[in-house]
Amino acid sequence: MAREKDADRSVRGKPAHHPGTEAQGPTRAVVIVPALTRHQRNDDETNRPRLTRSADARHDEAVGLARAINLDLIHTAVVTVNDPRPATLLGSGKVAEFAEIVKEGHAEVVIVDHPLTPVQQRNLEKEFNAKVLDRTGLILEIFGERARTKEGTLQVELAHLNYQKGRLVRSWTHLERQRGGAGFLGGPGETQIESDRRQLQEKIIKLKHELETVRRTRDLHRAKRKKVPFPVVAIVGYTNAGKSTLFNRLTGADVLAEDMLFATLDPTLRRVRLPHGTPIILSDTVGFISDLPTHLVAAFRATLEEVVEADLVIHLRDISDPDTAAQAEDVERILADLGVDAGDAKRVIEVWNKVDLLDDGNRERLLADGVDANKAPPIAISAVTGEGIDALKALIETRMSGELEELTVTIEPAQFGLVDWLYRNGDIVSRLDNEDGSATIALKATHTARQEIESRLHRKNRQ
């Protein structure tokens, strides 16, 4: 049976034309969320069952994805599918039911939140007399709208072409062969579908060359950063976990941060100085999502190399989301595809965001349940209120520069140029100004800062 929900029609979208009417308005859409009962997803590596989301959670995410491209949702429904049909996925009764809804509502787009085969997509478009997008197609549409940089645009276009390449089943009619040779007597040439496939392949090769140029440029920039050895810290997480909000909190930047799936797409990097003076490069990356198309991951590999090359990875989780465990599993799976072990406590910090949305009882329970003897305890924060941010900064600095160490130094009058540096890169415990003009300073500094202090004093003494 289907569980239907009234959709909010206040969403603004692109202008659309309906047959027989001159009115313009948002693109009207229907969202269908198939819930397959006989098909349990298993992990590709371990073959163990993967965490599954509730039907309501999948429905809400599908609605969020549709709203991310400003569709006017006239009808949404979760449909239980006991026996997936090879031709249409849904049963004939449900197909007819939704066809009537599409017709009465003048819907132009039908979103099916499930992978569709080319044949299923073509058959559903015929039945609905409307454009049909499966989950992959919808994500591609969102990414196409969100891309801002040249690299992002190229990556989306490449992913879209790879998606189209596998769907040349020709729902249109010009299947006649093109004539080869010259003039009227030219022999039979390639079919239209062969021509389209060839043209797509040529475009794919061209885009790959352009992306390779972008990748080389990115490698040059990365090589320059390594010459000035600032460690790179990458923020990753499920889409809408609050990555951009945390990025803004840590950097003081003004990156777009909205309560919207895939609010940001292109990566952003900023230099940050931590409390004890350690400089880092912070990277905000595209959000992950369940069932992210493999060719989309491949297309964005150049961007995701910032994660691969990062010295430290912050795995940000929306701990207030009921499906946070399943979301974390999806993120860890994509990280594993990139060669990053989410269980590596030295390289990955798990951060639980949005704790301000939890009541005290749930917060204590979740934090207690989150303690794992084999993993470092998570850091609980609120990127909005700032709760826990100081603890997170301290942990990042400890991972990058070592634990705080106590030391006492005597600064001679000729070395007083170092005093300001000490105040900026350490915690001053005490200072004693001596009669000979020197100053004895007790402080706490990271291991890296201590080495720098000793090196600077040594150079001054030699001078």
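Rules and cut-offs
Residues numbered from 1 in each chain as written. Predicted model: local features only at pLDDT ≥ 70, side-chain atom pairs only at ≥ 80, totals over all residues. Heavy atoms only, no water. Helix = DSSP H or I, 4+ residues; strand = E, 2+ residues; numbered from the N terminus. Buried < 20%, exposed > 50% of the residue type's maximum accessible area, 1.4 Å probe, protein only. Areas by Shrake-Rupley, 256 points an atom, 1.4 Å probe, with all protein chains shown as cover. UniProt positions renumbered as here; feature names shortened; annotations may be inferred. Pairing = 2+ DSSP bridges. Right-handed = clockwise from strand over helix to strand, strands pointing away. Contact = heavy atoms within 4.5 Å. Axes fitted to C-alpha atoms, helices over the stretch in contact; angles between N-to-C directions. Salt bridge = Lys/Arg side-chain N within 4 Å of Asp/Glu carboxyl O. Parallel < 35°, antiparallel > 145°, perpendicular 65-115°, else oblique. Polar contact = N/O pair within 3.5 Å; in protein donor to acceptor, adjacent residues only side chain to side chain. Left-handed = near helix turned anticlockwise from the far one by under 90°. Nonpolar A, V, L, I, M, F, W, Y, C, P; charged D, E, K, R; others polar.

**Q** How would you summarise the overall build of the chain if you had to cite specific residues and measurements?
**A** Looking only at helices and strands, the chain features 14 helices and 18 strands. The proportion of buried residues among the 463 residues of the chain is 47%. Surface exposure of the chain reaches about 23700 Å², of which carbon and sulfur atoms provide 49%.

**Q** Any details on the UniProt feature "binding site: Mg(2+)" (unreviewed entry) in the chain? Residues and values, ideally.
**A** Mapped onto the present numbering, the UniProt feature "binding site: Mg(2+)" (unreviewed entry) falls on S244 and T264. Relative to the helices and strands, S244 resides in helix α7 (residues 243–251). Overall, S244 belongs to the buried group, its relative accessible area being 8%.

**Q** How would you summarise the environment of G91 if you had to cite specific residues and measurements?
**A** In this structure, G91 sits in the loop between β5 (72–81) and α2 (92–105). Looking at G91, the relative accessible area reads 23%, which means it is partly exposed. As a C-alpha pair, G91 and V81 span 10 residues in sequence and 7.7 Å in three-dimensional space.

**Q** I'd love a proper account of the pairing of strand β6 (residues 109–112), names of residues and values included.
**A** Two faces, one strand: in a regular strand the side chains alternate between the faces of the sheet. Of the two faces of β6, the one lined by V109 and I111 and the one lined by V110 and V112 are each fully buried. Note: strand β4 (residues 28–36) against β6, 4 bridges, orientation parallel. Across the sheet, V30 pairs through a bridge with V110, a residue of β6. With 4 bridges joining them, β6 and strand β7 (residues 131–134) adopt parallel strand pairing. Residue pairing for β7: V110 is matched across the bridge by V132. Taken together, β6, helix α3 (residues 118–128) and β7 form a β-α-β motif whose crossover is right-handed.

**Q** Could you give an account of the pairing of strand β17 (residues 427–433), with specific residues and numbers?
**A** Pairing of β17 with strand β18 (residues 439–446), which is carried by 6 bridges, proceeds in the antiparallel orientation. Bridge assignment links I428 to a residue of β18, and that residue is L443. Connecting the antiparallel pair β17 and β18 is a turn made up of 5 residues, with G437 showing a positive phi of about 95°.

**Q** How would you summarise the sheet that holds strand β10 (residues 232–237) if you had to cite specific residues and measurements?
**A** Reading across from one edge, β11-β12-β10-β13-β14-β15 is the order of the 6 strands in this open sheet, with mixed pairing throughout. If you trace the sheet from one side to the other, it starts and ends with β11 (268–273) and β15 (379–380), each paired once. Bridge analysis of strand β14 (residues 348–353) against β15 gives 2 bridges, and the strand direction is parallel. Its bridge partner lying in β15, W352 is registered against A380. Of the strands in this sheet, β10, β13 (312–318) and β14 are in contact with helix α10 (residues 324–337), which crosses β13 at around 155°.

**Q** So, the pattern of salt bridges: which residues are in play, and what are the values?
**A** As enumerated under the stated definition, the model contains 15 salt bridges in all. When the shortest N-O distance is used, the salt bridge between R198 and E202 registers 3.4 Å. A residue pair is termed a helical-turn pair when its members lie 3 or 4 positions apart in one helix, as R198 and E202 do in helix α6 (residues 192–227) at 4 residues. By relative accessible area, which is 44% here, E202 ends up partly exposed.

**Q** Account for the packing of α7 against helix α12 (residues 389–401), naming residues and giving values.
**A** Interaxial distance between α7 and α12 falls to 11 Å at its minimum, and their mutual angle equals 80°. As summarised for this structure, α7 and α12 are arranged roughly perpendicular, according to the angle between their axes. On the side of α7, the interface is formed by L246, R249 and L250, while α12 contributes I389, L392 and K393.

**Q** Provide a residue-level description of the sheet that holds β18, including the pertinent values.
**A** With antiparallel pairing, the 3 strands of this open sheet are ordered in space as β16-β18-β17. Two strands in the sheet have a free side with no partner beyond their single neighbour: β16 (404–411) and β17. Between one strand and the next, the sheet's axes are offset by a mean angle of 15°, whatever the strand orientation.

**Q** Tell me about the side chain of Q120, residues and numbers included.
**A** Topologically, Q120 is positioned in helix α3. Residue Q120 is classed as buried on the basis of its relative accessible area of 7%. Only 3.1 Å separates the side chain of Q120 from the backbone oxygen of R85, close enough to count as a polar contact. Residues contacting Q120, with those up to four places away along its chain left out, are R85, P86, A87, T88, L89 and P115.

**Q** I'd love a proper account of the packing of helix α1 (residues 55–67) against helix α4 (residues 135–146), names of residues and values included.
**A** Interhelical geometry of α1 versus α4 gives an angle of 40° and a closest axis separation of 9 Å. As summarised for this structure, α1 and α4 are arranged oblique, according to the angle between their axes. The handedness of the crossing between α1 and α4 is left-handed. Facing α1, whose interface residues are E61, L65 and A66, α4 presents R135, L138 and I142. Looking at side-chain class alone, the contact of α1 with α4 contains 4 nonpolar, no polar and 2 charged residues.

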